[in-house]
Amino acid sequence: MLRLPDFQYHAPRTVEEAVALKVKHGANAAFVAGGTDLLPNMKRRIRKCGHLVDVSHIDELRSAGAFEGGLRLGAAVSLEEAASNEAVRTVCPAYAEAALLVATPTIRRMGTVGGNLCLDTRCLFYNQSYEWRKGIDFCMKADGTICRVAESSPKCIAVSSSDTAPVALAAGATIELCGPGGKRAVSADSFYLGDGIDYMAKKEDELLTALVIPDQTGAQSAYVKVRARGSIDFPVIGVAVWMRRRSSDAPVEDARVVLGAVFPDPREVPAAAEALIGRALDAESIRDAADAAFRAAKPVDNTDGALSWRKEMIRVSTKRALERLGSAR
Amino acid sequence: MRSERTIDGPGKIVLSFTVNGTGVEIAVARHKTLLEVLREDLGLTGTKHGCELGECGACTVILDGAPVLACLVPAAACTGARVETVEGMAVGPALHPLQDEFAEAGAAQCGYCTSGMLLAAKNLLESNRDPTRDEIRRALAGNLCRCTGYLQIYEAIERAAARMRGAT
Ligand SMILES: Cc1cc2nc3c(=O)[nH]c(=O)nc-3n(C[C@H](O)[C@H](O)[C@H](O)COP(=O)(O)OP(=O)(O)OC[C@H]3O[C@@H](n4cnc5c(N)ncnc54)[C@H](O)[C@@H]3O)c2cc1C
Ligand code: SF4
Ligand code: FES
Ligand code: FES
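Residues numbered from 1 in each chain as written. Chains lettered and ligands numbered in written order. Predicted model: local features only at pLDDT ≥ 70, side-chain atom pairs only at ≥ 80, totals over all residues. Heavy atoms only, no water.

Participant: When you look at the site of ligand 1 in this model, what are you seeing that I'm missing?
Facilitator: Surveying the vicinity of ligand 1 reveals 36 residues, the closest of which are Phe-31, Ala-33, Thr-36, Thr-112 and Asp-163 of chain A. Proximal residues around ligand 1 fall on chains A and B, making this an inter-chain site. The side chain of Asp-163 of chain A places a nitrogen or oxygen atom 2.7 Å from a nitrogen atom of ligand 1. When ligand 1 is considered free in solution it has 970 Å² of accessible area, and contact with the protein chains removes 97% of it. Breaking the shell around ligand 1 down by element, the ones donating at least two residues are strand E2 (29–32), helix H7 (113–117) and strand E8 (207–213) of chain A. Residues that form the shell around ligand 1 fall into these classes: 18 nonpolar, 10 polar and 8 charged. (Near = heavy atom within 4 Å. Polar contact = N/O pair within 3.5 Å; in protein donor to acceptor, adjacent residues only side chain to side chain. Areas by Shrake-Rupley, 256 points an atom, 1.4 Å probe, with all protein chains shown as cover. Helix = DSSP H or I, 4+ residues; strand = E, 2+ residues; numbered from the N terminus. Nonpolar A, V, L, I, M, F, W, Y, C, P; charged D, E, K, R; others polar.)

Below you can see the structure in the form of structure tokens.
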């Protein structure tokens, strides 16, 4: 059996209690929601947590629905609930699409909105058993000193593999946090840092309480994912697109294109948005935007799939996502 | 209410929950998963351990009415919960229609995935009495089978669904 290390389990009922438990036990404690990311990594002895603070029973984190023209999704809402929520499906279909493409139905019922946003970065040299990692003398992200993908790299380049994070950025979402010093909100865009080890701006003791998607009136969004097995796997490419225009023949007024599973953060590609803004969404502007996304993407060899194929699929996926917006109206 | 914890000395917890309709109170090592408690402490070895990392579905059980991967559920989180395993599917000597049809269709070869498949299918049929082939495929997407090629499994579920609706 692949066993968990010893831990003590806590099930606080309020945000304040959860934060207090985390502060009390410090780095030896971790928040856990669905456990579908944390527990495998504990079994691999990547994460060592003597205390698990389960946030999935906190009522305050469990509601989801329309909010000021947009959406507010509590951190402990399951991905399945979020994906089937009527308000989510109408206000921000791309979020529902992305949530529905995570893992499997059972994992989506366990996994949560907050856990998906905080998902640890992934790498073929990292998500392995202790013995496997020991065999390569570990790597910088856990127990070792150098990066096994790029030995001269000063930082870890493990990949942001969340399906919903690119959509959060594309839709201009805000992430709400609560820590010992009180509450704060950060834009999804500044929440991710682009470093495979320190991948998010959330402080150690801060609990993610909600994802807030602003008013989406007049906006359209879509998410396209490429993965090895359509039934279960993490993305090897994810592309979220978002734009606003007056009507289907009017020029695009504002746009965002965000790549997932390429960099240590979900990465916005401004050049792709620029290729769309001020132009009609047609074959030409779509091609230019897809080319811009292709040029901006620099995948490294640490997930499934050959590098050149993954890079080409960024172009293809961006095109597919934008074509979906074109045909939606 | 689930998740009230009862710590009993270092390294152990007293877990009280319901398994297949019977109340159970047992002292277990606190780091154990639900899967480990079912198999090792309660002797319910019908629930299988495959990958133990969430990747195969062999350990699927029903927790408070919804399928979960028992390999990723801390047992400590199950206080007060209702758990259903494959051992609870038959009523006395009478197999559940799904079990009957799985046997009939040859939907189990090595049988390692079968208990997880049965519980995922049972859960599906509770909310959808007449699922399409596609709905079945989607509901079982996280339950991997290395032997059958899935067709017999889908057929068995369709036949069981028909029987349970009284259509045959
Ligand atoms: C077989 C398999 C396939 C998968 N496929 C995908 C996939 O295709 N796409 C994808 O995106 N993910 C995938 N996952 C990963 C995971 O299941 C999901 O990302 C899920 O949404 C994680 O949520 P969780 O609640 O289970 O997180 P947990 O495991 O509970 O937590 C994940 C991390 O976030 C922290 N955390 C959780 N909640 C909070 C909070 N409220 N505040 C602060 N920190 C918090 C935890 O401390 C931990 O570090 C897969 C997992 C498996 C096992
Ligand atoms: S990118 Fe390098 S340092 Fe980061 S997990 Fe992979 S091998 Fe380790
Ligand atoms: S043993 Fe739990 S999913 Fe494989
Ligand atoms: S019957 Fe062998 S894995 Fe399914």
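Participant: Got a minute to help me understand the pattern of salt bridges in this structure?
Facilitator: Proximity of charged atoms lets side chains of opposite charge pair with each other. Under the criterion given, the structure shown has 34 salt bridges over all chains. The partner of Arg-3 of chain A in a salt bridge is Glu-40 of chain B, and the shortest N-O contact between them spans 2.8 Å. Of this pair, Arg-3 of chain A sits in the segment before strand E1 (8–10) while Glu-40 of chain B is found in helix H1 (residues 34–41), placing the two residues in two different chains. Owing to a relative accessible area of 34%, Glu-40 of chain B belongs among the partly exposed residues under this scheme. Lys-141 of chain A is the partner of Asp-120 of chain A in a salt bridge, and the nearest nitrogen-oxygen pair spans 2.7 Å. Separated by 21 residues along the polypeptide, Asp-120 of chain A in the loop between H7 and helix H8 (130–135) and Lys-141 of chain A in the loop between H8 and helix H9 (164–170) bring together distant segments of the chain. (Salt bridge = Lys/Arg side-chain N within 4 Å of Asp/Glu carboxyl O. Buried < 20%, exposed > 50% of the residue type's maximum accessible area, 1.4 Å probe, protein only.)

Participant: I keep staring at the domain arrangement of chain B and nothing clicks. Help me out?
Facilitator: Residue and element names in this part refer to chain B. Assigned domains of chain B: these are domain 1 (5–88) and domain 2 (97–165). Each of domain 1 and domain 2 was reduced to a C-alpha centroid, and the two centroids are 23 Å apart. Across the contact, 18 residues belong to domain 1 and 12 residues belong to domain 2. Of the roughly 1100 Å² buried between domain 1 and domain 2 on both sides combined, carbon and sulfur atoms contribute 54%. (Domains from an automatic or database assignment. Contact = heavy atoms within 4.5 Å. Buried area = accessible area lost by both parts, 1.4 Å probe.)

Participant: So what exactly am I meant to see when it comes to unusual backbone geometry here?
Facilitator: Despite not being glycine, Ala-261 of chain A shows a phi value in the positive range, around 65°. One can find Ala-261 of chain A in the loop between strand E11 (252–260) and strand E12 (267–268). Not every positive phi belongs to a glycine, and Glu-52 of chain B is a case in point at roughly 60°. By the secondary structure assignment, Glu-52 of chain B is in the loop between H1 and strand E3 (60–63).

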